[in-house]
Amino acid sequence: MAKERRRAVQELLQRPGNGYCADCGAPDPDWASYTLGVFICLSCSGIHRNIPQVSKVKSVRLDAWEEAQVEFMASHGNNAARATYESKVPSFYYRPTSSDCQLLREQWIRAKYERQEFTHLEKQEPYSAGYREGFLWKRGRDNGQFLSRKFVLTEREGALKYFNRNDAKEPKAIMKIEHLNATFQPAKIGHPHGLQVTYLKDNSTRNIFVYHEDGKEMVDWFNALRAARFHYLQVAFPGASDADLVPKLSRNYLKEGYMEKTGPKQTEGFRKRWFTMDDRRLMYFKDPLDAFARGEVFIGSRESGYTVLDGLPPSTQGHHWPHGITIVTPERKFLLACETESEQRAWVEAFRKVVDRPMLPQEYAVEAHFKHKP
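A few points on the structure. Just so we're clear, the structure is a prediction, and the values are computed from it rather than from any experiment. Numbers given to residues run from 1 along each chain, matching the order in which its sequence is written. Totals for whole chains, interfaces and linings use all residues, but because this is a predicted model, local features are given only for residues with pLDDT of at least 70 and pairs of side-chain atoms are given and counted only at 80 or more. Values reported for side chains reflect all heavy atoms of the structure, with hydrogen atoms and water molecules removed beforehand.

## What to know about unusual backbone geometry
Not every positive phi belongs to a glycine, and Gln116 is a case in point at roughly 50°. In this fold, Gln116 is placed in the loop between helix H5 (102–114) and helix H6 (125–128). For Gln116, a relative accessible area of 27% corresponds to the partly exposed category. In this structure, Asp279 is a non-glycine residue whose phi angle is positive, near 60°. Numbered from the N terminus, helices here are DSSP runs of H or I no shorter than four residues, and strands are runs of E no shorter than two. For Asp279, the position within the fold is in the loop between strand S12 (271–278) and strand S13 (281–285). The buried label goes to any residue with under 20% of its type's maximum accessible area, the exposed label to any with over 50%, and the partly exposed label to all in between, with areas taken from a 1.4 Å probe on protein chains only.

Okay, structure coming up:
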């Protein structure tokens, strides 16, 4: 009898919507919340366990199931739960995937089932109001210490600002929503709630690193920034659909990591640098947490004369790492070296994705700026 009930639960995985985790979309979920009626992956089941007042979980394949629990799962399921718990998710709200950090997935699950933010619109106030202020721990540019700083996000002014002192009249920095990006970087920042915010200053990228001890607070800031970008883009591109705009709200980096590089004359030795591929900008830093890039390279499309080659020219000297990459631009070649072959393959794949993508009209203007840099 117990085996039959377990088999009945397993058969429910064949129903539409149940073959992927209800929360992060990972395929072949092996767990279920028998109080919510959803099938979830192992990773998300751990988060559900932390909210026992809302969700109680069992293994689909290993645990014993009662008849009433099987019937409950059969009369619910992932599609039904989505219709209930995700009925009012704002377009701009970030829906995490299985590859996103623990914090984003945990707060998404808590927002859905525990706080029911997407069934009650008034609970979305913290990130949809168009104005937000509060204190975040911000990493100092020069000393690397995290200090509490006041941040203000105002859609009306189209800016995120921070102040060095609570009573300061003038902000230390004004970051235009138009040129802002935010991405969670817990490993790099060394805090599970670490967020990297980048913006353009004089067309160069500037990084700031922040966190808040309260995970909900940090994710609310992240979604408030996305909301501000969404409303800015709706005005900038009046004909665009939500589906066109949502991918532009925030972006994760295509690839990050250490490589060696040499200078423009290719006579000086190779130096180890931290590289970040952000859309078409390849930036390099002395340290991953530097505020400013040491340099930026624009990577255009194949039609515009950009190519990526495995290896380095035969005469190249001075590199310690054996696995080379040559980036050819209309102006010059950039020579890079990776420590391992798998890193080289991953970088080449990231570069080729960019090179294979046709350039947008506004990207030609960015390219022109790079060409005129001293």
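## Some words on the packing of aromatic side chains
Each aromatic ring pair is specified by the distance between its two centres and by the angle formed by the two planes. Here is the rule: rings of Phe, Tyr and Trp (six-membered ring for Trp) pair when centre to centre is within 6.5 Å. Planes less than 30 degrees apart are stacked, more than 60 are edge-to-face, and the remainder are tilted. Counted according to the given criterion, the structure contains 19 aromatic pairs. Geometrically, the ring pair formed by Phe184 and Phe222 is edge-to-face, given 5.1 Å between the ring centres and 65° between the ring planes. On the criterion of sequence distance, the pair formed by Phe184 in strand S8 (residues 181–184) and Phe222 in helix H8 (residues 215–236) is long-range, its members being 38 residues apart. Here Phe184 and Phe222 have matching classes, each one buried. Members of the aromatic cluster, connected to one another through ring pairs, are Phe92, Tyr93, Trp108, Phe118, Tyr127 and Phe230. Two conditions define a charge located above a ring, namely a distance within 6 Å from the ring centre to NZ of Lys or CZ of Arg, and an angle within 35 degrees of the ring normal. Sitting over the ring of Tyr258, Lys272 keeps its end group 4.5 Å from the ring centre.

## Topic: the sheet that holds strand S17 (residues 333–338)
A pair of strands is labelled paired if DSSP reports no fewer than 2 bridges between them. Strand order in this open sheet of seven strands is S14-S13-S12-S11-S17-S16-S15, and the pairing throughout is antiparallel. Each having just a single partner strand, strand S14 (295–298) and strand S15 (307–310) make up the two edges of the open sheet. If you compare each strand with its neighbour and ignore which way they point, the axes differ by 35° on average. Where strand S11 (residues 255–261) lies against S12, seven bridges are found, and the strand directions are antiparallel. Here the axes come from fitting lines to C-alpha atoms, over the contacting stretch only for helices, and the angles between their N-to-C directions go from 0 to 180 degrees.

## So, the pairing of strand S4 (residues 131–139)
Where S4 and strand S5 (residues 146–154) come together, nine bridges link them in antiparallel fashion. Bridged to Arg132 within S5 is Leu153. Hairpin connection of S4 to S5: six residues between the antiparallel strands, including Gly144 at a positive phi of 75°. Judged from the two bridges that link them, S4 and strand S10 (residues 204–211) form a sheet pairing that is antiparallel. Its bridge partner being in S10, Trp137 is matched across the sheet by Tyr211.

## Thoughts on the environment of Met359
By the secondary structure assignment, Met359 is in the loop between helix H10 (341–355) and helix H11 (361–371). It is 35 Å that separates the C-alpha atoms of Met359 and Glu86, two residues lying 273 residues apart in sequence. We call two residues contacting when some pair of their heavy atoms lies within 4.5 Å. When sequence neighbours within four positions are dropped, the list of residues in contact with Met359 reads Arg280, Phe298, Gly300, Ser301, Ser304, Tyr364 and Glu367.

## As for the sheet that holds S8
Sheet strands pair by backbone hydrogen bonding; their relative direction is either parallel or antiparallel. Strands sit in the order S7-S6-S5-S4-S10-S9-S8 across an open sheet of seven strands; the sheet is antiparallel. For this open sheet the edge positions go to strand S7 (173–176) and S8, each flanked by a neighbour on one side alone. Between one strand axis and the next, the sheet turns by 35° as a mean value, whatever way the strands run. Contacts from H8 reach S4, S5, strand S6 (159–163), S8, strand S9 (195–201) and S10 within the one sheet, and its direction differs from that of S4 by about 120°.

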